[in-house]
Amino acid sequence: MKVLKFGGTSVGSVNSMLSVKKIVEAVDDKVIVVVSALGGITDKLINTSKMAAAGDSSYEKEMKEIVNRHIEMVYTVIPAGHGREVLLDQVNELLSELKDIFQGIYLIRDLSPKTSATIVSYGERLSSIIVATLIEGAQWFDSRTFIKTEKKHNRHILDSELTNQLVRETFREIPKVSLVPGFISTDKLTNEVTNLGRGGSDYTASIIAAALDADILEIWTDVDGFMTADPRVISTAYPITELSYVEAMELCNFGAKVVYPPTIYPVCHKNIPILIKNTFNPDAPGTIIKQEADHSSKPIKGISSINDTCLITMTGLGMVGVIGVNHRIFKTLAENGISVFLVSQASSENSTSIGVRNEDAALACEVLNEEFSKEIEMGEISPMKAEGGLATVAIVGENMKHTPGIAGKLFGTLGRNGINVIACAQGASETNISFVVDGGSLRKTLNVIHDSFFLSEYQVLNLFICGIGTVGSSLIEQIHAQQEKLKQERGLMLRIVGIANGHLAYFTRRGIDLADFRKELEEKGIPSSPQVLHDEIIGMNIFNPVFVDCTASPEIAGLYKDFLSHNIAVVAANKIAASSEYDIYAELKQIARLRGVKFLFETNVGAGLPVINTINDLINSGDKILKIEAVLSGTLNYIFNELSADMPLSKIIRKAKEEGYSEPDPRIDLSGKDVIRKLVILGREAGYRLEQEDVKTHLFIPDKYFEGSLDDFWKHIGELDADFEMRRQKLESEGKRWRFVARLENGEASVALEEVEFHHPFYNLEGSNNIILLTTERYNEYPMLIQGYGAGAGVTAAGVFADIMSIANI
Ligand code: ADP
Ligand code: ASP
Ligand code: MG
């Protein structure tokens, strides 16, 4: 014999009703079907009665909707001549009773718990007679006659002994299909209608299955099974194949709504398996809950949470070593019907925190303050401190037993993602680690833990790439080419979860298909702006996030602070943030340090050349940078290398522009602005408080050429050719060359066109290359030299890639 329970959504619509019929009629065995009220009806009954009690006459409109919903359901699922008329009479009678009760409440403006329980019972009474008519040959049973409760601590608790006996008597003969309303019960002494609590139909089904030794309890709902986390919060949650009773119990108790918590115990006691199935997708295998579940795969099985948590903390030296304090705490709370779901006590015994629901907090404080009033008066214990608005999260799995590193991974993940743990508890059974966080960070907490425990056996970095011009797209191509190799050989998964250009942005937790990222962006992107990026990226709450800025936009650079403050690492090819005011640069570095996230910008100077990292390594190992001399502008180096009798200054500037070596307005290069920014960044990394204005600038083109429009510039720049050629010839005859050199010495920074002699290391600098000469305390007589391509999309993207890789090593 099987017991099948169908929840509210399974009997909520015409289609789902017809599925229920199909599922039940396909069972060969005898079957007892337990049903909930039509989806949403219990809530509606409760609200309508509150409205009536408050004298709000619009309760009548609500009542009408309740009537219509049931009558329409009867007409659409039961064909004429199939018992519809009899059913309509029964349904109408129940609805008219209900109407009278509401009217009574409206008139006397009073709603007792007893009346409330009577009202909600109509939901299951109505739905169960409809389903009983729908399924051919089904026999209806009234659960109020055999599910019995008793009152304890002001709550209605199941009387299992009596109930078991009555269930067995009722079902001495089991028909092929029995139909039972879930949730409802009666008091064993007064026979008044009671119920098993919200979600209680699961429990009704479990009680019957256990009492009758059913082969299986099937809970049919609206999801594919028991999921790794609440699918309404975590979109990537997926069904768990097998759970043990203990695991299921731990998860339900902590808010996994899919099964009502008391449901597990009766069937577990009888070793009857529970199968969770989806009425809307009967082919999905679902989840099986049994004694011994498969433990071979992940270290944890699921995550659940309660966002309604208040932490009550009792502190005081008067508790240390005193026997019986905990006994008094729990006895007092139990006597007042307050349930405690988390306890955390320091081993010094001078502080105990307990987690209760917010609604119980005031009473809990009051009764504990009273119980310990003497100690509080004498100053041995402080008055109870209550902190509300919190959330409790539990990770659950029997695999945790004797497996080191799970707590480490959990708290490491939380810490790296900037989530503060307020209290935590792990029982010695090692099947559950629970912890309390601020209610506002619950969603993020669930997301980061789910991603880190379930979504990959690999270390994952979730990348947001902003800017897909030459550098950005080259980076994406490089990542695409390396992705598989990094996964296989380094266990590292680089997943691009966001891409944006100036117009569109696209985000997906599953990762973007890099072979076709432009198409995906075009087709699925939303209009982009710095604000959209800010809100979407922070709102996504994804774990191990890295924001990669391949733009040159000041607005995008302005987002770094908030990103870093939300523990999102930043890798910038964009130079603006690191070269803007010193205080901004210092603040970003400081936030990154305090938060333990990386802010990297190696490609700001010398593209992919390891300049900033080298300076950092030298300083971290105790060296001191005494002098930096460098050629940092590929454009200017190209211009001075190409200058010749046939190629005067104006012509080579034009050529540099045409060949894409310079900015569209070449004056940005000629003014040395770009070099100044780079020098400022190097100086700061070397430990100097440097602003762009501090750099002494000696330009080789007079100021007036920078003042007018770009057209004026092109018109007049030729005026300098003759003089330049004369100076060039003189320089050549002396065996020297021009280099635009950035220099930092004793904290003094300058940029200038310098003449270098043949034996100088800068003399032979080819093409648009960069060179950096570092004189340090250790590299003194022979300075350290870094040289190579200083520009170009490919090498810059490679430098950004290297920064991303270094984040993976944290
Ligand atoms: P029913 O009406 O069938 O009893 P419920 O609404 O009580 O259904 O429970 C099913 C719902 O529980 C799902 O739709 C889902 O939103 C929610 N839920 C919360 N946590 C989980 C979880 N871990 N696995 C599956 N569903 C969950
Ligand atoms: N109808 C009841 C409720 O909504 C019982 C149940 O659905 O399990 O709480
Ligand atoms: Mg339910």
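Refer to the preceding data block for the structure.
Parameters at a glance
Residues numbered from 1 in each chain as written. Chains lettered and ligands numbered in written order. Predicted model: local features only at pLDDT ≥ 70, side-chain atom pairs only at ≥ 80, totals over all residues. Heavy atoms only, no water. Salt bridge = Lys/Arg side-chain N within 4 Å of Asp/Glu carboxyl O. Helix = DSSP H or I, 4+ residues; strand = E, 2+ residues; numbered from the N terminus. Buried < 20%, exposed > 50% of the residue type's maximum accessible area, 1.4 Å probe, protein only. Near = heavy atom within 4 Å. Polar contact = N/O pair within 3.5 Å; in protein donor to acceptor, adjacent residues only side chain to side chain. Areas by Shrake-Rupley, 256 points an atom, 1.4 Å probe, with all protein chains shown as cover. Nonpolar A, V, L, I, M, F, W, Y, C, P; charged D, E, K, R; others polar. Phe/Tyr/Trp six-rings, centres within 6.5 Å; stacked < 30°, edge-to-face > 60°. Lys NZ or Arg CZ within 6 Å of the ring centre and 35° of its normal. Pairing = 2+ DSSP bridges. Axes fitted to C-alpha atoms, helices over the stretch in contact; angles between N-to-C directions. Contact = heavy atoms within 4.5 Å.

Undergrad: Before we move on, can you summarise the pattern of salt bridges with the specific residues and values?
TA: Inspection of the entire model under this criterion finds 41 salt bridges. The shortest N-O distance in the salt bridge between Lys678 and Asp674 comes to 3.2 Å. Placement of both Lys678 and Asp674 in helix H26 (residues 673-685) is noted, with a separation of four residues, approximately one turn of the helix. Each member of the pair, Lys678 together with Asp674, is buried.

Undergrad: Describe the site of ligand 2, with residues and values.
TA: Taken together, the neighbourhood of ligand 2 is formed by Ser36, Ala37, Thr42, Glu124, Phe183, Arg198, Gly199, Gly200 and Ser201. Backbone polar atom of Gly199 to an oxygen atom of ligand 2: 2.8 Å apart, as the coordinates give it. One of the backbone nitrogen or oxygen atoms of Ser201 is found 3.1 Å away from an oxygen atom of ligand 2. The protein chains hide 86% of the 260 Å² of surface that ligand 2 would expose on its own. Here the residues of the shell around ligand 2 are counted per class, giving two nonpolar, five polar and two charged.

Undergrad: An account of the packing of aromatic side chains is needed here, citing residue identities and associated values.
TA: Two descriptors summarise a pair of aromatic rings, namely the distance from one centre to the other and the angle between the planes of the rings. Inspection of every chain in the model, using the stated rule, returns 23 aromatic pairs. A ring pair is formed by Phe6 and Trp220, whose centres lie 5.9 Å apart and whose planes are at 25 degrees; its orientation type is stacked. Linking Phe6 in strand S1 (residues 2-6) with Trp220 in strand S9 (residues 216-221), this pair joins segments that are 214 residues apart in sequence. On the numbers, 5.9 Å between centres and 75 degrees between planes, the contact of Phe700 with Phe740 is edge-to-face. Of this pair, Phe700 sits in the loop between strand S27 (696-698) and helix H27 (704-707) while Phe740 sits in strand S28 (residues 736-745), and the two are 40 residues apart along the sequence. The class of Phe700 is buried, set by a relative accessible area of 8%. We classify Phe740 as buried; its relative accessible area is 3%. Pairwise contacts between aromatic rings join Phe547, Tyr560, Phe563, Tyr582, Tyr585, Phe599 and Phe601 into one cluster. Looking at Lys409, its charged tip hangs above the ring of Phe453, at a distance of 4.8 Å from the centre.

Undergrad: Tell me about the sheet that holds strand S5 (residues 155-158), and please be specific about residues and values.
TA: Spatially, four strands are ordered S5-S4-S7-S8 in an open sheet, and the strand pairing comes out mixed. The outermost strands of the open sheet, each flanked by one partner alone, are S5 and strand S8 (193-195). Averaged over all pairs of adjacent strands, the angle between their axes in this sheet comes to 55 degrees, without regard to strand direction.

Undergrad: Could you give me a rundown of the pairing of strand S14 (residues 342-345), with the residues and numbers involved?
TA: Regular strands place side chains that alternate from one sheet face to the opposite one. Along S14, the buried face is formed by Leu342 and Ser344; none of Val343 and Gln345, which line the opposite face, is buried. Pairing of S14 with strand S15 (residues 351-356), which is carried by four bridges, proceeds in the antiparallel orientation. The residue of S15 that forms the bridge with Val343 is Ile354.

Undergrad: Tell me about the site of ligand 1, and name the residues and values.
TA: Around ligand 1 sit 17 residues, and of these Thr221, Asp222, Met227, Arg232 and Lys257 come closest. A distance of 2.8 Å separates an oxygen atom of ligand 1 from a polar side-chain atom of Thr221. Contact with the protein chains covers 89% of the free accessible surface of ligand 1, which is 570 Å².

Undergrad: I'd love a proper account of the environment of Val675, names of residues and values included.
TA: Turning to its location among the elements, Val675 is positioned in helix H26. When the C-alpha atoms of Val675 and Ser709 are compared, they prove to be 22 Å apart, with 34 residues separating the residues in sequence. The residues touching Val675, leaving out its near neighbours within four places in the chain, are Leu632, Ser633, Phe740, Ala742 and Val751.

Undergrad: So what's going on with unusual backbone geometry? Residues and values would help.
TA: Phi at Arg109 takes a positive value of approximately 50 degrees, unusual for a residue other than glycine. Relative to the assigned elements, Arg109 resides in the loop between helix H4 (84-108) and helix H5 (113-134). A positive phi angle, close to 50 degrees, is found at Asp213, a residue other than glycine. For Asp213, the location among the structural elements is in the loop between helix H7 (201-211) and S9. On the basis of relative accessibility, which here comes to 49%, the residue Asp213 falls in the partly exposed class.

Undergrad: Break down the pairing of strand S11 (residues 274-278) for me, with residues and values.
TA: Extensive coverage of S11 is indicated by the burial of five of its five residues. Of the two faces of S11, the one carrying Ile274, Ile276 and Asn278 and the one carrying Leu275 and Lys277 are both buried. In this sheet, S11 lies alongside S9 in parallel orientation, the contact comprising five bridges. Residue Ile219 lies in a different strand from S11, and its bridge partner there is Ile276. The pairing of S11 with strand S12 (residues 287-290) spans three bridges and is antiparallel. Of the residues in S12, the one forming a bridge with Ile276 is Thr287.

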